[in-house]
Amino acid sequence: MKRTDGYLLDNRQTEAGERFDAFAALFDPTTFRHLEGFGIGPGWRCWEVGAGGTSVVSWLAKKVGPTGRVVATDIDTSRVAAAARPPVQVRVHDVGADEPPGEGFDLVHARLVLVHVPDRDRALRSMVQVLRPGGRLLVEDADPALQPLLCPDEHGPEQQLANRLRQGFRQLLADRGADLAYGRRLPRLLREAGLRQVEADAYFPVTSPACAALEAATVRQIRDQLVAAGHATDQDIDRHLANVAAGGMDLATAPMISAWGRKA
């Protein structure tokens, strides 16, 4: 992701670690299921794009073993640096602007990354380019426009407030160039990039403790931007955070669409 002053979800903010932990709890099982299906094993060469935290990188490192290689890249490596030991290499890298960090990869994976990248077309081409023949690409991205609500069951004032704040969050993302309908396009984009055997599925958690943890951390992280843009008052946010902490709402995430294919 290209760093700008307007980027909402900086890795160095306190809440970023909480968000990465929630992402891991919510989405790692889906990601690992797909990667296991590819037959990942010792000696594989992997590129983890926009690594963010360490959960996927550490899992890949165990799978590929000492004969493999995992290149973990991000514009801000402060959270993933702890994983930087063989077979993991950590590099500061902007997938939408920089040259790829190698070639001949057996696997390239990006989760919740390209939706935020200004030049996401270039990023996807770069990821396909560095695959070896027969190599696999797995791209997983949210599609907030497909399911825009935090509380799909909007039956009371707490849920109405939650959905209003989620609408404000979506607007902040869109104002900074995020493509809120990107996930649904992934299968077509992978085919157009020349990949074969393209498939896709979606995961849509409707309620879980991790959804609540993610929501609380996200709202605290973007609180000032929500207020400055007029999407909420400080009182609105305090009330919403209290509602989340009370545990009485069913909080959902946007569907995460996973699309994968093989290079000819």
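Everything below is about the structure printed above this text.
Described below are features of the structure shown in this document. (Residues numbered from 1 in each chain as written. Predicted model: local features only at pLDDT ≥ 70, side-chain atom pairs only at ≥ 80, totals over all residues. Heavy atoms only, no water.)

With that settled, consider the environment of L138. With respect to the element layout, L138 can be found in strand β5 (residues 131–142). Note: C-alpha distance between L138 and M127 (11 residues apart in sequence) is 9.8 Å. (Helix = DSSP H or I, 4+ residues; strand = E, 2+ residues; numbered from the N terminus.)

What follows deals with helix α8 (residues 234–246). Taking 1.5 Å as the rise per residue, α8 with 13 residues should run 18 Å; its terminal C-alpha atoms sit 18 Å apart, in good agreement. The set of residues buried in α8 consists of D236, I237, H240, L241, N243 and V244. Angular distribution of buried residues about the axis of α8 spans 160 degrees; they occupy a single face of the element. Of the exposed residues in α8, the ones pointing more than 90 degrees away from its buried face are Q235, A245 and A246. Those residues of α8 that are buried are in contact with α4 (157–175), α6 (209–221) and α7 (223–228). (Expected span 1.5 Å × (residues − 1). Buried < 20%, exposed > 50% of the residue type's maximum accessible area, 1.4 Å probe, protein only. Arc of directions from axis to C-beta. Contact = heavy atoms within 4.5 Å.)

Let us now look at the layout of surface pockets. There is about 780 Å³ of room inside the largest pocket. The wall of the largest pocket is formed by 41 residues, among which R19, F23, L112, H116 and L214 lie closest to the centre. Residue assignment for the lining of the largest pocket shows that the elements contributing at least two residues are α1 (14–37), β1 (45–49), α2 (55–64), β5, α4 and α6. Top contributing element to the lining of the largest pocket by residue count: α1, with 6 residues. A breakdown of the residues in the lining of the largest pocket according to their chemical character gives 23 nonpolar, 9 polar and 9 charged. (1 Å grid on protein atoms, 1.4 Å probe; cavity = no way out; pocket = protein on both sides within 12 Å on 5 of 7 lines; lining within 4 Å. Points joined across faces, edges and corners; volume = space filled by probe spheres on them. Nonpolar A, V, L, I, M, F, W, Y, C, P; charged D, E, K, R; others polar.)

All right, on to unusual backbone geometry then. P87 follows P86 through a cis peptide bond whose omega is 10 degrees. When you line up the elements, P87 lands in the loop between β2 (69–74) and β3 (88–92). The backbone of L112 sits at a positive phi, close to 55 degrees, despite the residue not being glycine. Secondary-structure assignment places L112 in the loop between β4 (105–111) and α3 (120–129).

Next up on the list: the pairing of β4. Burial runs high along β4: 7 of the 7 residues are buried. Note that β1 and β4 share 4 bridges and pair parallel. Along β4, the bridge assignment pairs C46 with L107. Inspection of the sheet shows β4 paired to β5 by 6 bridges, in the parallel sense. Residue pairing for β5: L107 is matched across the bridge by R136. Tracing the backbone out of β4, into α3 and back to the parallel element β5 gives a crossover that is right-handed. (Pairing = 2+ DSSP bridges. Right-handed = clockwise from strand over helix to strand, strands pointing away.)

Working definition: the strands of a sheet are paired by backbone hydrogen bonds and lie parallel or antiparallel to each other. An order of β3-β2-β1-β4-β5-β7-β6 is seen for the 7 strands of this open sheet, with the pairing classed as mixed. Of all the strands in the sheet, the pair left with one neighbour each is β3 and β6 (196–203). Within this sheet the neighbouring strands show an average axis-to-axis angle of 15 degrees, counted without direction. Seen against the sheet, α1 touches β4, β5, β6 and β7 (256–262) and runs at an angle of roughly 150 degrees to β4. In the packing of α3 onto the sheet, the strands contacted are β1, β4 and β5, and the crossing angle to β5 comes to about 145 degrees. (Axes fitted to C-alpha atoms, helices over the stretch in contact; angles between N-to-C directions.)

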